Amino acid sequence: MGNNNFLDYIPEFKKNIELLDDTIVIKRNSLADKIFYLLLKRPVRSTIKIDHKSRHVISKIDGKKDLYEIFSTISKKSDDKKEINAFCEFINIIMRHGIIKLNKKKTA
């Protein structure tokens, strides 16, 4: 992520992700994925159940707000280091699992 502050990045759902009430649906759209999952007799869609707190964070991701803005809307204490660390760790987890990607904020 270079010299930029992590909280300055804008999270965006990847194209193959669908968010339902308490579930994230990951659709395997590529031909290779479909063949692979067909051979393994696995569903082409995976689902992940999420708890209320995770849902609250994920529902704020719109591809426009940066992580700092999202954190500010969900946190009661924006200077609480434990809360900031937990938020950043959650964002890293869903990014590593291919649910979101982080985009640099465009500068004017």
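Here we summarise the structure given alongside this text. (Residues numbered from 1 in each chain as written. Predicted model: local features only at pLDDT ≥ 70, side-chain atom pairs only at ≥ 80, totals over all residues. Heavy atoms only, no water.)

Brief notes about the overall build of the protein
- Tallying secondary structure elements over the protein gives 4 helices and 5 strands in all.
- Beginning at the N terminus, the succession of helices and strands in the protein can be written as β-β-β-α-β-α-α-α-β.
- Considering only C-alpha atoms, the protein reaches an extent of 50 × 35 × 20 Å along its principal axes.
- Taken over 108 residues, the protein has a buried fraction of 29%.
- Summing over all exposed atoms, the protein offers an accessible surface of approximately 7800 Å²; the carbon and sulfur share of this is 54%.
- Treating the 23 positive side-chain charges of the protein as one cloud and the 14 negative ones as another, the clouds have centres 6 Å apart. (Helix = DSSP H or I, 4+ residues; strand = E, 2+ residues; numbered from the N terminus. Buried < 20%, exposed > 50% of the residue type's maximum accessible area, 1.4 Å probe, protein only. Areas by Shrake-Rupley, 256 points an atom, 1.4 Å probe, with all protein chains shown as cover. Lys, Arg positive; Asp, Glu negative; His and termini not counted. Charge placed at Lys NZ, Arg CZ, Asp CG, Glu CD.)

Some thoughts on the packing of helix 3 (residues 67-74) against helix 4 (residues 81-96)
- Here helix 3 crosses helix 4 at 125 degrees, and the two axes come no closer than 11 Å. Considering their axes alone, helix 3 and helix 4 lie oblique with respect to each other. The handedness of the crossing between helix 3 and helix 4 comes out as right-handed. Between helix 3 and helix 4, the contacting residues are Leu67, Ile70, Phe71 and Ile74 on the first element and Glu83, Ile84, Phe87 and Ile91 on the second.
- Looking at side-chain class alone, the contact of helix 3 with helix 4 contains 7 nonpolar, no polar and 1 charged residues. (Axes fitted to C-alpha atoms, helices over the stretch in contact; angles between N-to-C directions. Parallel < 35°, antiparallel > 145°, perpendicular 65-115°, else oblique. Left-handed = near helix turned anticlockwise from the far one by under 90°. Contact = heavy atoms within 4.5 Å. Nonpolar A, V, L, I, M, F, W, Y, C, P; charged D, E, K, R; others polar.)

Here's the deal with helix 3
- For helix 3, every residue scored as buried is listed here: Leu67, Ile70 and Phe71. Axial view of helix 3: buried residues confined to an arc of 100 degrees, hence all on one face.
- In this fold, the buried residues of helix 3 make contact with strand 1 (10-13), helix 2 (52-58), helix 4 and strand 5 (100-103).
- Near the N-terminus of helix 3, the side chain that reaches the backbone nitrogen of Tyr68, with its oxygen 3.0 Å away, is that of Asp66. (Arc of directions from axis to C-beta. Polar contact = N/O pair within 3.5 Å; in protein donor to acceptor, adjacent residues only side chain to side chain.)

Some words on the packing of aromatic side chains
- Summed over the entire model, instances satisfying the criterion amount to 1 aromatic pair.
- Judged by centre distance (5.2 Å) and plane angle (50 degrees), the rings of Phe71 and Phe87 are tilted. Within this pair, whereas Phe71 is found in helix 3, its partner Phe87 is found in helix 4, the two being separated by 16 residues in sequence. The burial state of Phe71 is the same as that of Phe87; both residues are buried. (Phe/Tyr/Trp six-rings, centres within 6.5 Å; stacked < 30°, edge-to-face > 60°.)

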